[in-house]
Amino acid sequence: MSESEGFKREAAYAAVDRYVRSGMTVGLGTGSTAVWVVRRLGEKLASGDLKDVVGVPTSERTAGEARERGVPLATLAEARPDVTLDGADEISPEVNVIKGLGGALLREKIVAFASGSLVIVADGSKLVGRLGERTPVPVEVERFGADATLKALAALGCEPKLRPGEDGSPFITDGGNYTADCYFGEIEDPARLEAEIKSIPGALECGLFIGLARAAVVSDAGGLRVLEAR
Ligand SMILES: O=C[C@H](O)[C@H](O)[C@H](O)COP(=O)(O)O
């Protein structure tokens, strides 16, 4: 296992151990870090350290992993998550985050918003001084009228790029939408940018998660730590 994979695993395992108790419903994020959350839950359910835990998956990929690992699943209609554990692409010192490079941001935000709390799990490479430093803001875009939506996004000060899928045609999310990656550079006011993006009718949701996370569990060569949101 690579060093960074080890850090992802350490953060995810620590988050499960700290935030998940028997009887809870847990929102299951998407991506290479969140997969370790599912694996830890599977291990603890199999050993009997956890009982009666149900997961609400944020993607088909995560649902498949949970089934393989023996984590029972529910929909949001059936159960409200006590806590959601999910990865991130960038984490600011306030624990605002950019998510969505893995293509699941809309369902991730729906589940996080419906949860008692959101806890981010990540390796230290995701920490930034200011959001937008390295990654674009992914925006899930309705396919109808997508060209007009991309123009409206560009007017906010970026060059939106329709994300390609593996075969070169546009990537399609689990919900059947496009994703536009919008690089703005360092974002001075992420809450305002989130509101501006969401004022565009075809922009269904964006990867700026502002004021949503309660904490981030981060691991790197400096050790494991919990950053509380401020
Ligand atoms: O859409 C995907 C998600 O927001 C992921 O949680 C995010 O991209 C981080 O993924 P990873 O843990 O693979 O770096």
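Structure: see above.
Reading guide: rules and limits
- Residues numbered from 1 in each chain as written.
- Predicted model: local features only at pLDDT ≥ 70, side-chain atom pairs only at ≥ 80, totals over all residues.
- Helix = DSSP H or I, 4+ residues; strand = E, 2+ residues; numbered from the N terminus.
- Rg over C-alpha atoms; globule rule 2.2 N^0.38 Å.
- Buried ≥ 20, exposed ≤ 12 C-beta atoms within 10 Å, placed from the backbone.
- Near = placed C-beta within 6 Å.
- Nonpolar A, V, L, I, M, F, W, Y, C, P; charged D, E, K, R; others polar.
- Contact = placed C-beta atoms within 7 Å.
- Core = buried A, V, L, I, M, F, W, Y, C linked by C-beta atoms within 7 Å.
- Domains from an automatic or database assignment.
- Pairing = 2+ DSSP bridges.
- Axes fitted to C-alpha atoms, helices over the stretch in contact; angles between N-to-C directions.
- Parallel < 35°, antiparallel > 145°, perpendicular 65-115°, else oblique.
- Left-handed = near helix turned anticlockwise from the far one by under 90°.

S.K.: Go over the overall build of the protein chain with me, naming the residues and quoting the values.
M.R.: Regarding its fold elements, the protein chain presents six helices and 13 strands. Relative to its length of 230 residues, the protein chain is compact, with a C-alpha radius of gyration of 17 Å against a globular reference of 17 Å. Dimensions of the protein chain, computed from C-alpha atoms along their principal axes, come out at roughly 55 × 35 × 30 Å. The buried share among the 230 residues of the protein chain stands at 49%.

S.K.: Requested: an account of the site of the ligand, with residues and values cited.
M.R.: Close contacts around the ligand come from 18 residues, with Gly31, Thr33, Gly87, Lys99 and Gly102 the closest. The residue makeup of the shell around the ligand, split by class, is five nonpolar, nine polar and four charged.

S.K.: Kindly report on the environment of Gly31, identifying the contributing residues and their values.
M.R.: Residue placement: Gly31 occurs in the loop between β1 (25-28) and α2 (34-47). Among the residues examined, Gly31 registers 26 C-beta atoms within 10 Å and is labelled buried. The spacing of Gly31 and Val139 is 108 residues in sequence and 17 Å in space, taken between C-alpha atoms. For Gly31, the residues in contact, after removing those within four places along its chain, are Gly87 and Gly102.

S.K.: Describe the nonpolar core, and please don't skip the residues or the numbers.
M.R.: Judged by nonpolar contacts, the single largest core of 63 residues is most densely connected at Ala15, Val37, Leu85, Val119, Ile120 and Val121. Counting residues per element, this core draws most heavily on helix α1 (residues 3-19), which supplies seven residues. Both domain 1 (3-127 + 210-220) and domain 2 (137-205) contribute no fewer than three residues apiece to this core. Those residues within four positions of Val37 in sequence are excluded, and the remaining contacts are Ala12, Ala15, Val16, Leu28, Gly29, Leu85 and Val121.

S.K.: Residues and numbers for the sheet that holds β1, please.
M.R.: Across the sheet, which stays open at both edges, the six strands sit in the order β2-β1-β3-β6-β12-β13 with mixed pairing between neighbours. Looking at the sheet topology across the chains shown, the edges are occupied by β2 (54-57) and β13 (223-228). Neighbour-to-neighbour, the strand axes of the sheet open up by a mean angle of 20°, direction not taken into account. In this structure, strand β3 (residues 83-86) lies alongside strand β6 (residues 118-123), joined through three bridges in parallel fashion. Across the sheet, the residue bridging to Asp86 is Ile120, located in β6. Relative to the sheet, α1 contacts β3, β6, β12 (213-220) and β13, its axis offset from that of β6 by approximately 155°. On top of the sheet, helix α4 (residues 105-114) reaches β1, β2, β3 and β6; it is set at about 150° to β3, its chief contact.

S.K.: Outline unusual backbone geometry, supporting the account with residue identities and numerical values.
M.R.: Here Asp52, not a glycine, exhibits a phi torsion of approximately 55°, which is positive. Relative to the assigned elements, Asp52 resides in the loop between α2 and β2. Despite not being glycine, Val95 shows a phi value in the positive range, around 65°. Note that Val95 resides in the loop between β4 (90-91) and β5 (97-98).

S.K.: Tell me what's going on with the packing of α2 against helix α3 (residues 60-69), and back it up with residues and numbers.
M.R.: Packing of α2 against α3 brings their axes to within 9 Å, and their N-to-C directions diverge by 25°. In terms of orientation, α2 lies roughly parallel with respect to α3. As α2 packs across α3, the resulting crossing turns out to be right-handed. Only Thr62, Glu65, Ala66 and Arg69 of α3 make contact with α2, whose side of the interface consists of Ala34, Val35, Val38, Arg39 and Gly42. In terms of residue class, the contact of α2 with α3 is made up of four nonpolar, two polar and three charged.

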